[in-house]
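Structural overview
Each chain, written out:
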Amino acid sequence: MLIRMIFKQIIKFTAWCYLPLVISFSCYAIEMQDLYMAQIQVEGQSYQQKQKAYQQAIETVFIRASGQSQILTYPQIKQAIAEPTRYLTQYQFEHKNSQLFLKAQFNEKAVNDLIKSVGEAIWGARRPQLIWWIALDDNQQRHIVADGEPEIVQPILTQSKNRGLPSMFPLVDFDDLMQVSVTDVWGRFEQPVVTASQRYGAEGIVYGKVFKPASQDSVTSQAWFAELQLIEGSQMHNIALSSADLNELWVQVVDQVTDLLAKKYAIKAGEASSQSIVLTVENVNNAAQAVLIQNFLASISAVDSVQIQQLNAQGVNYQLNLLGQAVDVFDALAFDNRIEKVVPKFSQETKMQEHLYRWKG
């Protein structure tokens, strides 16, 4: 009886809020916001100044949506950058700290269609949260960069925002220092860093050292060097970069990290398929929650659309129509702590339903 009541509620609830869901989809806070909006500092509001800002803004959006900086090399993309207002949906000027900014919003579908037309990838709004453990040596003091150091943290967070990469820094408080030391981060000892990261709930870790050689006897000693590692899931990547300017080095590091992650999670247009899979989700208590889960599944970049099929004794069945491969969906579900796969108990004799998940919220 309860299952029938919930199913009736789902039908009624879905019909009532179908259009608003398109608008309020982001309210479930499971995806990055404003991926198709960019904010550019401007000197004034003249036509030429606006056009230049539009071009800079749409460049940022193309890179952010695809996850790859080389997207700008395609002739079709260059043409779009030359005519940015064709993709513009709205804009406004804002004053912040005595500076003038132009905020430009671009058409998501038009931008995505153009990226797909050149055979490149779309990186969905669900992206891994990274925590940055940086041991910095500036010839004065070697220390772990903490969240409260804006002169170091801000360039990384700004470029992370430009690339659509969720990033955070540790507090480096007593609790952190009980788990990890500057020596651990500098030496890139994995286990202490991973242990200290658990309190932050991040899905990925960037850690290692950034330094400027003490000797000034050569040209290379004038440069800053970054020797870092990226841990994401079961994968590890080495990052080695250098630059004469520390702020430029941070930009390069963020760009390389983002490029690596986008290659894993973005779905190429050429990989699109009509394949679909059915998932069953337990712990669905009402219609609103059923639709929330529907939107959660639809936010996965490998998923084109999601329909609620039916309810059964084990939960709600969802049909996922895919853009990519089913393994991309399963990887994304394993990656998110709001849902977990139900595994059979050792002594269980009854055959369990395939692709059964439990909603944790």
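Scroll up a little and you will see the structure.
In short, a report on the structure. (Residues numbered from 1 in each chain as written. Predicted model: local features only at pLDDT ≥ 70, side-chain atom pairs only at ≥ 80, totals over all residues. Heavy atoms only, no water.)

Quick word on the pairing of strand E14 (residues 315-322)
Along E14, 7 of the 8 residues are buried, which leaves the element largely enclosed by surrounding structure. As defined by bridge partners, strand E12 (residues 276-282) adjoins E14 across 6 bridges and the pair is classed as antiparallel. Bridging from a neighbouring strand, Val278 pairs with Gln319 of E14. The loop that links strand E13 (residues 303-312) with its antiparallel partner E14 comprises 2 residues. (Buried < 20%, exposed > 50% of the residue type's maximum accessible area, 1.4 Å probe, protein only. Helix = DSSP H or I, 4+ residues; strand = E, 2+ residues; numbered from the N terminus. Pairing = 2+ DSSP bridges.)

Notes on the environment of Asn321
You can see Asn321 is positioned in strand E14. In contact with Asn321, other than residues within four places in its own chain, are Gln275, Ser276, Val303, Asp304, Ser305 and Gln307. Separated by 3.1 Å, the side chains of Asn321 and Gln319 make a polar contact. (Contact = heavy atoms within 4.5 Å. Polar contact = N/O pair within 3.5 Å; in protein donor to acceptor, adjacent residues only side chain to side chain.)

Quick word on the packing of aromatic side chains
For the structure shown, the criterion picks out 8 aromatic pairs. Between Trp132 and Phe169, the ring centres sit 6.4 Å apart and the planes meet at 20°, which makes this aromatic pair stacked. Here Trp132, found in strand E5 (residues 130-137), pairs with Phe169, found in the loop between strand E7 (167-168) and helix H6 (174-179); they are 37 residues apart in sequence, far enough to count as distant. Each member of the pair, Trp132 as well as Phe169, carries the same accessibility label: buried. Three or more aromatic residues joined by ring pairs make a cluster, and in this case those are Tyr54, Tyr91 and Phe93. Looking at Arg127, its charged tip hangs above the ring of Trp123, at a distance of 4.0 Å from the centre. In this structure, Arg142 is placed above the aromatic ring of Trp186, and the distance from its NZ or CZ to the ring centre is 3.7 Å. (Phe/Tyr/Trp six-rings, centres within 6.5 Å; stacked < 30°, edge-to-face > 60°. Lys NZ or Arg CZ within 6 Å of the ring centre and 35° of its normal.)

Regarding the sheet that holds E14
The 5 strands lie next to each other as E13-E14-E12-E16-E15, forming an open sheet whose pairing is mixed. Only two strands of the sheet have a single partner each, and these edge strands are E13 and strand E15 (339-341). The average angle at which neighbouring strand axes cross in this sheet is 30°, direction not considered. In the sheet, E13 pairs with E14 via 8 bridges, with the strands oriented antiparallel. Across the sheet, Val303 pairs through a bridge with Leu322, a residue of E14. (Axes fitted to C-alpha atoms, helices over the stretch in contact; angles between N-to-C directions.)

Let's talk about the packing of helix H2 (residues 47-66) against helix H4 (residues 108-117)
As a packed pair, H2 and H4 sit with axes 10 Å apart at the nearest point and diverge in direction by 65°. Our classification of the angle between H2 and H4 gives roughly perpendicular. Both H2 and H4 take part in a crossing whose hand is right-handed. Judged by residue contacts, Val61, Phe62, Ala65 and Ser66 of H2 engage Val111, Asn112, Leu114 and Ile115 from H4. (Parallel < 35°, antiparallel > 145°, perpendicular 65-115°, else oblique. Left-handed = near helix turned anticlockwise from the far one by under 90°.)

So yeah, pure geometry; function would need other evidence.
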